[in-house]
Amino acid sequence: MKEKKLRIWKSELMIQALKDSVRKLNPRIMAKNPVMFIVEMVSVITLWITVRDFLTGGDFGFNGQISLWLWFTLLFANFAEALAEGQGRAQAESLKKTRSEAFAKRLLADGSLETISALSLHKGDVVWVEEGDPIPGDGEVTEGVALVDESAITGESAPVIREAGGDRSGVTGGTRVLSGKIKVRITANPGETFFDQMITMVESAKRKKTPNEKALDVLLIGLTVTFITVVITLRYFAEYMSVSTTTPILVALLVCLMPTTIGGLLPAIGIAGMDRLLRHNFIAMSGRAVEAAGDVDVVLMDKTGTITLGNRMATEFLATEGVSEKDLIHSTLLASLADDTPEGRSIVVLAKERLGMRGRDIRAPVGASFFSFSVDTRMSGIDWSGHRIRKGAYDAIKDFVTAQGGTMPEKVRQIVDAVSQEGCTPLVVAEDGKILGVIRLKDVLKKGIHERISQIRQMGIKSVMITGDNPLTAATIAAEAGVGDFIAEAKPNIKLELIRKYQAEGHLVAMIGDGTNDAPALAQADVAVAMNAGTQAAREAANIVDLDSNPTKLLDIVEIGKQILITRGALTTFSVANDLAKYFAILPAMFIAQYPLLGILDIMDLASPKTAVLSAVIFNAIIIPMLIPLALRGVRYRPTMVSALLRRNLLIFGFGGLMIPFIGIKLIDLLISGLNLV
Amino acid sequence: MTFHDLFPILFFLCLLTLFALPLGEFMAKVFNGKRTFLTRIVGPVERVLYRVFGVNEKEEMSWKTYAFSLIIFNAIGIMGLFILQLIQGWLPFNPQKFGAVRWDTALNAAISFVTNTNWQSYSGEMTMSYFTQMAGLTVQNFLSAAVGLSSVIALIRGFIRRTAETIGNFWVDLTRSLLYVLLPLTIIWAIVLSSQGVVQTLRPSIHARTLEGREQVIALGPTASQVAIKQLGTNGGGFFNTNSAHPFESPTPLTDFMEVFGLMLLPVSLPLTFGAMLNKRRQGWAIFASMMALFLIGLAVTLWSEFQGNPILERIGIHNGINMEGKEVRFGVIHSILFAQSTTAVASGAVNSMHDSLMPLSGLVLIFNMAIGEVIFGGVGVGLIGMIIYAILTMFLAGLMIGRTPEFIGKKLEPYEMMMSVIAVLSPAVTMLLMASIAISTKIGLSSLSNAGPHGLSEVLYAYASSANNNGSAFAGLNANTLFYNLTTSFAMLVGRFSTIFPALAISGSLAKKQIIPVSTGTFPTTNMLFVMMLVGVVIVVGALTFFPALTLGPLLEHLLVQIGKTF
């Protein structure tokens, strides 16, 4: 699944975002972001001083420009947030659109149907959905089977089967039934569906701060309080040293020192993370779950469906002594023609390929009768013109040939052992009393799974494969896929126990599930991803739902979680590192008139004290919109050694954060002194 | 300055590390409740004490109970010491017949000694009776160091324990700090010091006739015992006003060496105790290395600044312009600087030279050492607490930048830990700046200044850096024994002490409840060079951002003015 390309500067979103950024100046909305709230308060003070000077005929030009840029700082910060919101909303709306015009056929208590708007459906309502109808809301199929087109939400054009009972009973509002008729019990009230959930995640007003955002807020408030103290006390230190200061300059220094860059972009980073999740077709129930995904260090994966394609496939025919391979293949093909199991079909495919008759339609010979697989006999085959061909487990076939007076050759036993040793499943083929040979059935890994798992390993995450297979088979698959550990012969409740065990050791566990029996384990896991196609129980127990129902996408969630955190940390570091240059711009500007000696601090050699202060304020304001693309796209993350990752980010955002403002302030100073602004 | 000059410093630091290693391990054993070679002798005493005070050794405390016990213990200490000074006139061992100490001075001294600050606005030999010095000040020298030691041990337990509700027993930690660590070391130091000629007597001052025929009063007293603990417990409150420059506090090169050695010994050992208790010795060494790096940076700057010389002195013909004003000739520049750097780094406050007279940039470094929160080894216990809190802040950012919700030594750092860490780092710094700005802008504050201009500002900054971070040394030049300074520095000392200890205990309580996250390849190793560099960087950046403007107008400006020959 490729991420849909993100276009940041889309005009229709921009206009709305511009409007929103003014609306968000409302102090009551602003109060949610303590750093920017303080900036707003001091901006009001500065504006008031400017207006007062203007009315009393004083010199207001310089203070006016400072004031202007302070308000720009606020607008830029609001703009970042509004833009992220807009993108998320657009994403969610486009998904949601299909539903608003939908109608539903609700089943009444007397058994009759009424047609109502999909929006007035409530939890517990039962609706009938027929061929061509849209599914009116999230729910669970309670009766019937249907082919459903889910392309509206997954972008996948191939329709999927949804049926009552089993693990494929979940349906999502907005999808459409292509054929069949199903009875659906609605499981969400209006406003509580996945989409509604997702929309609240991308709207700042409704969004809850994650614990990590709260912790970072504490740090930013701490920095703010420190800098307020620094600036207020500086006024008195300066006064003692006979240096006069003005409120606008002190305010300028304060706003430059305060972590406005990260403070302004922080909400946008969180919202943009959710947007990214949506673009990957995930729906998260909480921001916390996404951040926890970045911390996951153990992931439980079912073998079937996640690591392997799901079914064993025939990969080789091994004829015994005295039988030609061709005879073996021929008989096997005959015996498997009517075998509708995935294994059986794979045998047919392989046999045709070996016989060079791929694609040719082969029909079962007339007069043949099929003997299908049952748990009692543990074999299947065909009876045809007096011959009985059987394929099945070693023991079953041995009994079969013995009963017909035949024997099991030593050679076959050896082949069977060898195949088992390699973690594959041997099927023995016999015709009447004679053993023909062995078919090797092998679990086939999903394409690219090896790379994915090695990426997981590089991220420091241990992968654990869970399978009902015997240890030998499990070990083979595990080694082939490169998973860290495996649990063989797993019973249904092993996942819950395993998660508890890992959690008791302090690990954070992610798991992917779809079945009803996965629900308790999903509820226990720190990051629980349910397949959208899974049962309602699984979806309710999970905290992230994958609309694509693709288990290997867990990696994407982990990456998004990490990206959000990295972006936050990087911009905080950048923001704080910026302060040094601002000191070197503003302090000499404040002191140089009284103490020309302190001119040595003016290492940027700025044009005048006024341009110095203004340049610092302007730099502080425009760095916010310049970093919006980074905040919305997130800092690039590649699985690598943590020390290397940290060193890289420290170099770019720490060292870069120290140096960039020196260059930026100097350039702005050249510009405004060239334009003669002050 | 040659290698020959620097050799003693190198020797000093190596010897210090050599002694710190076994002491660090020993303390880890003591506080883990393991047997040590002292258990046979001290164990019975310990058990008797528990029985007398009704302490159940096995009973553990939540962090709130621990903090409550600690505050009650210190409140009683402050009140007791306060009253003792007021009634010393009626008490024995008062050959000088000193009367009651002025109330504000007494309150300041009481808070000062209980908070391990030992800021002295009075002159010891002219104010306090022998009884007050012994039963009051010296006792608190022990107790305040023991309280500091207990708090850091409680914090360390937060990292060791998992899903636990308790962080140890305050009374047990306190008793063990005293019996196993502070008393034995003090006994060794006192014996060696008195063997070298540090006085230890209860006789009154001697009235002697000098060569010129004038009468001189030579102050005496039970000095050796108090000096030993004032150094070892990073207290720093001298028996005599001139502190460790006084010949009776430090008569020989050996005593001077032992005093600076003593004041560094416990703070240097504690990071290693941290590593040993965690059973992650590399972690201990990483913290040690960070502290040592900060120490060496400061030392290098101060030495450079002193050996740069003073252009004013050079002009009047003094060789190289080396400034000896305020330095004891017996010690010379290097030893005075080593002492000054050490005493401000470890929150001791003992001095053997007048910091007021050092070159301006040296003064800047000393103020910086204190203002960043006394974390360069720092006061006994609280210094390591401060550094662990800086490490928490560092790992918060580092954790984010590697894409994990932050953790340190296997413990998740969540809003609660961040809030407590921010309070601990911010409170002393904010208090220092606010108090200094009040002092510098009010008549009552300015009237105590003996210097004008940037030097006056440095004096005030130094006073509040010293009190708000519980160092206790004075820049001199500032008459601190006024109602205004006694009360404001008292407030600063209380904030500095308890805004470090309480958040630390709260963090410990919160961390102890958490799981320990196992180390994986996704964990950032907090024992490598990168961690040390980041930690050192964070300490310097936080300090620089907070104090840049104040230090620019104070010591930095003074430095620039001295270069063109202006003084104040």
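The rules we used
- Residues numbered from 1 in each chain as written.
- Chains lettered and ligands numbered in written order.
- Predicted model: local features only at pLDDT ≥ 70, side-chain atom pairs only at ≥ 80, totals over all residues.
- Heavy atoms only, no water.
- Helix = DSSP H or I, 4+ residues; strand = E, 2+ residues; numbered from the N terminus.
- Polar contact = N/O pair within 3.5 Å; in protein donor to acceptor, adjacent residues only side chain to side chain.
- Contact = heavy atoms within 4.5 Å.
- Pairing = 2+ DSSP bridges.
- Axes fitted to C-alpha atoms, helices over the stretch in contact; angles between N-to-C directions.
- pLDDT = per-residue confidence, 0-100.
- Buried area = accessible area lost by both parts, 1.4 Å probe.
- Salt bridge = Lys/Arg side-chain N within 4 Å of Asp/Glu carboxyl O.
- Nonpolar A, V, L, I, M, F, W, Y, C, P; charged D, E, K, R; others polar.
- 1 Å grid on protein atoms, 1.4 Å probe; cavity = no way out; pocket = protein on both sides within 12 Å on 5 of 7 lines; lining within 4 Å.
- Points joined across faces, edges and corners; volume = space filled by probe spheres on them.
- Buried < 20%, exposed > 50% of the residue type's maximum accessible area, 1.4 Å probe, protein only.

Draft legend 1. Molecular detail of the side chain of A:S169. Residues and elements named next belong to chain A. Tracing the chain through its elements places S169 in the loop between β5 (160–163) and β6 (170–171). A polar side-chain atom of S169 sits 3.2 Å from a polar atom in the side chain of E140. Apart from residues no more than four positions distant in its own chain, S169 is found in contact with G139, E140, V141, E163, A533, G534, T535 and Q536.

Draft legend 2. Region of the structure containing the sheet that holds strand β16 (residues 462–466) of chain A. All names here are of chain A. The 7 strands are arranged β8-β20-β19-β18-β9-β16-β17 in an open sheet whose pairing can be described as mixed. The open sheet has two edge strands, β8 (282–284) and β17 (485–487), and neither has a second partner. Strand-to-strand, the axes of this sheet are offset by a mean angle of 20 degrees, without reference to chain direction. Of the strand pairs in this sheet, strand β9 (residues 298–302) and β16 are connected by 5 bridges, and their pairing is parallel. Bridged to M301 within β16 is M465.

Draft legend 3. Region of interest: the confidence of the model for chain B. Residues of chain B with pLDDT of at least 70 account for 99%, and the chain-wide mean is 89. Predicted as a complex, the structure gets a pTM of 0.86 and an ipTM equal to 0.93.

Draft legend 4. The arrangement of unusual backbone geometry in detail. Residue B:T234 is not a glycine yet carries a positive backbone phi of 45 degrees. When you line up the elements, B:T234 lands in the loop between α8 (223–232) and α9 (253–278).

Draft legend 5. Representation of the interface of chain A and chain B. Facing 60 residues of chain A, the contacting portion of chain B comprises 62 residues. When the two sides are added together, the surface that chain A and chain B hide from each other amounts to roughly 5000 Å², 79% of it contributed by carbon and sulfur. Among the residues of chain A in contact with chain B, A:F237, A:Y240 and A:L646 are the three that bury the most area, contributing 15% of the side total. The tally of links between chain A and chain B comes to 1 salt bridge. For the pair chain A and chain B, the interface holds 9 residue pairs in polar contact (both at pLDDT 80 or more). Those elements giving two or more residues to the side of chain A that touches chain B turn out to be α7 (211–240), α10 (287–295), α17 (494–504), α20 (554–591) and α22 (642–675) of chain A. Top contributing element to the side of chain A that touches chain B by residue count: α7(A), with 19 residues. Looking at the side of chain A that touches chain B residue by residue, the class counts come to 34 nonpolar, 15 polar and 11 charged.

Draft legend 6. Just the layout of surface pockets, in detail. As a volume, the largest pocket reaches approximately 1000 Å³. Around the largest pocket, the lining comprises 39 residues; the ones closest to its centre are A:V576, B:G537, B:V538, B:V541 and B:V542. The dominant element in the lining of the largest pocket, judged by the number of residues it contributes, is helix α19 (residues 529–563) of chain B, at 12 residues. Here the residues of the lining of the largest pocket are counted per class, giving 29 nonpolar, 9 polar and 1 charged.

Draft legend 7. Expanded view of the side chain of B:S269. Residues and elements named next belong to chain B. Along the polypeptide, S269 turns up in helix α9. Looking at S269, the relative accessible area reads 0%, which means it is buried. Leave out the neighbours within four places in its chain, and S269 touches A20, L23, G24 and M27.

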